[in-house]
Amino acid sequence: MTNPWREHATVLTLFATFIVAFGVFFALQSNPIFADPDSFYHARLGVLTAEQGAVREFPWLPYTTLGQHYIDQHWLYHALLVPFVTLMDPLVGIKLATVFFAALLITTAVWFLIRYGVKHAWAWGLVLLAATPFTFRMSLAKAPSLSLATLILGIFLIFNGKRIASFFLAWFFVLLYGGFFVLVAAAGIYLAVSMAFDLIQHWWNWRTRMTDALHAPWWKWRGLKKYRPLQMFLCVLAGVGVGTVANPFFPNTFNFLWEQAIQIGVVNYRNVIGVGGEWYPYKVAEFIGNNVVVIVPFVIAFVLALVRVRRTTSRSWTMVVLAAFFTAFTLKSRRYVEYAVPFIALAAATLLADVLDRHDWQTIKSFLREAWQRRRSVTVLVALYVIVSVPYIIARDQRTNYRNLTSGVNATHFQASATWLAEHSQKGDVVFHSDWDDFPVLFYYDTTNAYIAGLDPTFLYRQDQERYWAWAKTTLGERRENLAEAFDLFKTKWILVEKDHTAMNVNVRTVPGVMLAYEDTEVWIYSWHNPAAQ
């Protein structure tokens, strides 16, 4: 008689993984706080996408590069948000979507490991849930969980030589998330690692091929067209190319991706202007301490892989190189921890699957059985220590995680003031606001007005440095004179000052033509008409 558990083990494991992950992320989201104000922007874009389809213009930030050549780099993410933000309150909906997509990511990672042949793959799902920097990032109401799930699926297709599927997935990725370059990087790394493996394992063959190559152009090299890793790289590259052109935002895709992917993602202006905290470096000691739950098994797996290197494959070493690649980016900008942590875990799991066979697992079981029989008291103490300490540490870290997630922006922040602004202003009136991260919340509650800077101050700095410094020095309280000139630069109608910007408020209220129009516990709102222009 067949065992129904064994027949449906994979489905049941994935279902259980999804339920557990959903529960963990639901608990982390069970509050009215958003740790990242950008969540308000995504919620509003989801609503706008439901109402009008793709948002091709962005008049709400007219003085930034976004106002000149905007694309919705998260278009398919916002499309996927539509049922969540239309069937319920948009802010509740985006929280539920965040929980669903994060649980889907954990399930995708476990599915990948099952298909790779990793034993007890569900345990690695628990490891990821225990990595608090990772669960924190996945709990932000943004697109990275879907991006990671797509990347893992893409790597699976690349490993298994699914050319057409890889092409279409790369196309999908471009429309889903602006960080689609990671899939190209994964395909390129797989190609490089595969070539290195082939070079080492078939050295004499390669010598002959290289000799032939010196006497022929590269497109005539023997076996090149049939080399599967190269085919996969070209399919992914083609999918990305088509996705960039066959895109509702073409031709703005090139300008925007230059700004977002290169100028902000790689170059970054954190040493010139004040940018978001996620763009600053992650200290090595802090990174190791915060992610020990994945680093320890990776170190063990890596050492075993060096000892038994002949058992390893190009696929597991691809995961190792990807883990190193994302870790290097994380040490440059801490936001990339959302990629580094899962790939460190996946690299550890795939390496262990390569180097440990059934005999090794039997040896480990025999060792544990012998330890139980010979030193029962010591074994019990060690087991009790692990059983008690590990859950305690995980629970402690998750409590800290929850506190961090509840120290952000309340769902009702700016609701009263932004609603008042929308009711008392004309469409397109410019609001001179006191910080760039005010924009997403103001935009969520008030799409009538236009604003100065938002999502990243680099967009304003790259478009017009004079305007950027006029705005920045005014908001910091450093500019005390000629404020009317700064307001004129932006054709300002309203000035919104958060109550923690006291220096700015002192300077603003003395400017001729400025009148207090609204005040609550969060902000002052001034109307402004330049007397010199009358």
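Throughout, residues of each chain are indexed from 1 in the direction in which the sequence is written. Where local features are concerned, this predicted model is filtered to residues with pLDDT of at least 70; where side-chain atom pairs are given and counted, the filter is 80 or more; whole-chain, interface and lining totals use all residues. Note that the side-chain values use all heavy atoms of the structure and ignore hydrogens as well as water.

**Quick notes on the overall build of the protein**
Here comes step 1: Working definition: helices are DSSP H or I runs of at least four residues, strands are E runs of at least two. Numbering for both runs from the N terminus. A count of helices and strands for the protein gives 26 helices and seven strands.
Here comes step 2: Exposure was quantified through the Shrake-Rupley algorithm and a 1.4 Å probe, taking into account, for residues, occlusion by the shown protein chains and nothing else. Summing over all exposed atoms, the protein offers an accessible surface of approximately 25700 Å²; the carbon and sulfur share of this is 63%.

**Observations concerning the packing of aromatic side chains**
Here comes step 1: Only rings of Phe, Tyr and Trp enter the pairing, Trp through its six-membered ring, and a pair is recorded when the two centres are within 6.5 Å. The plane angle decides the type: under 30 degrees is stacked, over 60 is edge-to-face, the rest tilted. The final tally for this structure, using the stated rule, is 46 aromatic pairs.
Here comes step 2: Measuring from ring centre to ring centre gives 6.1 Å for W75 and F249, while their planes differ by 85°; the resulting arrangement is edge-to-face. Of this pair, W75 sits in helix α5 (residues 75-86) while F249 sits in the loop between α13 (228-245) and α14 (252-267); the two residues are 174 residues apart in sequence, bridging distant segments of the chain.
Here comes step 3: Taken together, a centroid distance of 5.1 Å and an interplanar angle of 25° make the contact between F326 and Y339 stacked.

**Regarding the pattern of salt bridges**
Here comes step 1: Salt bridges are defined as contacts in which a side-chain nitrogen from Lys or Arg sits within 4 Å of a carboxyl oxygen from Asp or Glu. One pass over the structure, following the stated rule, counts seven salt bridges.
Here comes step 2: Among the salt bridges present, the one from D36 reaches K142, with a minimum N-O distance of 2.9 Å. Taken as a pair, D36 in the loop between β1 (33-34) and α3 (38-52) and K142 in the loop between α8 (132-138) and α9 (144-159) lie far apart in primary sequence, 106 residues in all. In this pair, the class of D36 matches that of K142, namely buried.
Here comes step 3: The salt bridge involving K499 is made with E519; its shortest N-O contact spans 2.7 Å. Placement of K499 in the loop between β5 (492-498) and α26 (502-508) and of E519 in strand β6 (residues 514-519) is noted, with a sequence separation of 20 residues between them.
Here comes step 4: Counted as one network, the salt bridges with shared partners bring together R137, R335 and E338. Relative accessibility under 20% of the residue-type maximum defines a buried residue, over 50% an exposed one, and the middle range a partly exposed one, all with a 1.4 Å probe and only protein chains included.

**Observations concerning the environment of L61**
Here comes step 1: Structurally, L61 can be placed in the loop between α3 and α4 (65-68).
Here comes step 2: Residues L61 and V430, spaced 369 residues apart in sequence, show a C-alpha to C-alpha distance of 9.1 Å.
Here comes step 3: Not counting residues within four places of it along the chain, the set of residues in contact with L61 comprises L66, G67, F439, Y451, I452, A453 and G454. Here a residue-residue contact requires only that any non-hydrogen atoms of the pair lie within 4.5 Å.

**Observations regarding the sheet that holds β6**
Here comes step 1: In this scheme, strands are said to pair when DSSP sees at least two bridges between them. The five strands are arranged β4-β3-β5-β7-β6 in an open sheet whose pairing can be described as mixed. Edge positions in the sheet fall to β4 (450-451) and β6, since each has one partner strand and no second.
Here comes step 2: With four bridges joining them, strand β3 (residues 430-433) and β5 adopt parallel strand pairing. Following the sheet pairing, H433 is matched in β5 by L496.

**With respect to unusual backbone geometry**
Here comes step 1: Backbone torsion omega between F250 and P251 reads 10°, so that peptide bond is classified as cis.
Here comes step 2: Along the chain, P251 falls in the loop between α13 and α14.
Here comes step 3: In the Ramachandran plot, F414 falls in the positive-phi region, its phi being about 65° despite a non-glycine side chain.
Here comes step 4: The residue F414 is located in the loop between β2 (409-410) and α21 (415-424) in this model.
Here comes step 5: Residue classification places F414 among the buried residues on the basis of a relative accessible area of 0%.
Here comes step 6: Notably, L455 is not glycine yet its phi reads approximately 70°, a positive angle.
Here comes step 7: With respect to the secondary-structure elements, L455 resides in the loop between β4 and α23 (458-463).

**Remarks on the environment of E522**
Here comes step 1: Here E522 is to be found in the loop between β6 and β7 (523-528).
Here comes step 2: Within the local environment of E522, its side chain forms a polar contact with the side chain of H413, the two groups lying 3.0 Å apart.
Here comes step 3: Between N or O atoms, a polar contact is any pair within 3.5 Å; within protein, one atom must be a potential hydrogen donor and the other a potential acceptor, and residues adjacent in sequence are included only when both atoms are from side chains. Within polar-contact distance, the side chain of E522 engages the backbone nitrogen of F414 at 3.0 Å.

**Here's the deal with helix α10 (residues 163-176)**
Here comes step 1: Taking 1.5 Å of rise per residue, 14 residues should cover 20 Å, and α10 covers 20 Å from first to last C-alpha, within 8% of that figure.
Here comes step 2: Those residues of α10 that fall on the buried side of the exposure criterion are S166, L169, A170, F173, V174, L175 and L176. For a helix, the expected span equals 1.5 Å multiplied by the number of residues minus one.

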